[in-house]
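Secondary and tertiary structure notes
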Amino acid sequence: MPITEQQIAVRLQDVEKRISLTCQTHKCSTPSLLAVSKTRTAESIRTLYSSAIKDFGENYLQEALDKQQQLTDCDIHWHFIGPIQSNKSRAVAEHFHWVHSVDRLKLAKRLSNQRPPTLPFLQICLQINIDNETSKSGFTVNEAVSAAIEISQLPNLRLRGLMCIPQKRETLAKQRQPFAKIAALLSTINHQLPGGIPKLDTLSMGMSDDIEAAIAEGATIIRIGTALFGPRQ
Ligand SMILES: *Cc1c(COP(=O)(O)O)cnc(C)c1O
């Protein structure tokens, strides 16, 4: 059932309240809000868009392309945040502004080669497998520095930062630990990037259940689905 404007307004207000309270408490700057719209209808996206949300994140290519087709009249920035099989990389390179889920060097090279030169650079984040889970993709912390140095020099891409999806943790203090590690890794990478390469400025971290922990550790983009659209079916 499509979400009503009223429901969206209430949820958006709640999320904005959580963000501003956390920023006050921890004296940190306000991250931008990426609305994660996987499984949601184009109509629901349109509703949120009319509340001034411009950035939407999708996990499944075909589903995303279908919705893009229905929303060509909206000035949406599309972010790809799901796993990418190599045979899907061209469509991702052609149809998105950002990719948060670059999890291997080969994928970065393909996206760079396949990004149409008529479009602005594709903005990317490296996904870091921060808890070393076999079920999740991403670079390990140890691999990340050399991968970032190499990927930062590919044409047609602009490496902006790091993304992670930590395991569920119960307390704020525990939730902060993996985010603190990612923030430290970003700073390590920035110290080692070759001269002339723009510094990384993006930490894509925090979902509905750990918004506060991510912001406290310096998230610049939080990726929020459930807290905006309600539970997924
Ligand atoms: C689904 C998803 C989110 C949003 O999760 P919620 O818990 O619904 O806020 C964020 N990031 C990624 C990569 C996702 O797949």
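A quick note: this is a predicted structure, and the numbers were derived from the prediction, not measured.

Relative to strand S2 (residues 55–58), strand S1 (residues 32–36) runs parallel, the two being bridged by two bridges. What sits directly across from Ala35, in S2, is Phe56. Handedness of the β-α-β unit built from S1, helix H2 (residues 42–49) and S2 comes out right-handed. As defined by bridge partners, S2 adjoins strand S3 (residues 77–80) across four bridges and the pair is classed as parallel. Bridged to Glu58 within S3 is Phe80. Each parallel crossover has a hand, and for S2 linked through helix H3 (residues 61–70) to S3 it is right-handed.

What follows deals with the packing of helix H1 (residues 5–26) against H2. Packing of H1 against H2 brings their axes to within 10 Å, and their N-to-C directions diverge by 55°. Between H1 and H2, the angle is such that the two are oblique. Viewed along their axes, H1 and H2 form a crossing whose handedness is right-handed. Residues Glu5, Ile8 and Leu12 of H1 pack against Ser44, Thr47 and Leu48 of H2. In terms of residue class, the contact of H1 with H2 is made up of three nonpolar, two polar and one charged.

Turning to unusual backbone geometry, a few remarks are in order. Phi at Ala52 takes a positive value of approximately 80°, unusual for a residue other than glycine. Topologically, Ala52 is positioned in the loop between H2 and S2. For Ala52, a relative accessible area of 59% gives the class exposed. Notably, Asn132 is not glycine yet its phi reads approximately 50°, a positive angle. With respect to the secondary-structure elements, Asn132 resides in the loop between strand S5 (122–128) and helix H6 (141–151).

For the ligand, the full set of nearby residues is Val36, Lys38, Asn59, Ile81, Ile165, Met207, Ser208, Arg223, Ile224, Gly225, Thr226 and Arg232. The separation between an oxygen atom of the ligand and a polar side-chain atom of Asn59 is 2.7 Å. Residue Gly225 places a main-chain N or O atom 2.8 Å away from an oxygen atom belonging to the ligand. Relative to its unbound accessible area of 390 Å², the ligand is 90% covered by the protein chains. Considering only residue class, the shell around the ligand consists of five nonpolar, four polar and three charged.

Reading the values: the criteria
Residues numbered from 1 in each chain as written. Predicted model: local features only at pLDDT ≥ 70, side-chain atom pairs only at ≥ 80, totals over all residues. Heavy atoms only, no water. Pairing = 2+ DSSP bridges. Helix = DSSP H or I, 4+ residues; strand = E, 2+ residues; numbered from the N terminus. Right-handed = clockwise from strand over helix to strand, strands pointing away. Axes fitted to C-alpha atoms, helices over the stretch in contact; angles between N-to-C directions. Parallel < 35°, antiparallel > 145°, perpendicular 65-115°, else oblique. Left-handed = near helix turned anticlockwise from the far one by under 90°. Contact = heavy atoms within 4.5 Å. Nonpolar A, V, L, I, M, F, W, Y, C, P; charged D, E, K, R; others polar. Buried < 20%, exposed > 50% of the residue type's maximum accessible area, 1.4 Å probe, protein only. Near = heavy atom within 4 Å. Polar contact = N/O pair within 3.5 Å; in protein donor to acceptor, adjacent residues only side chain to side chain. Areas by Shrake-Rupley, 256 points an atom, 1.4 Å probe, with all protein chains shown as cover.

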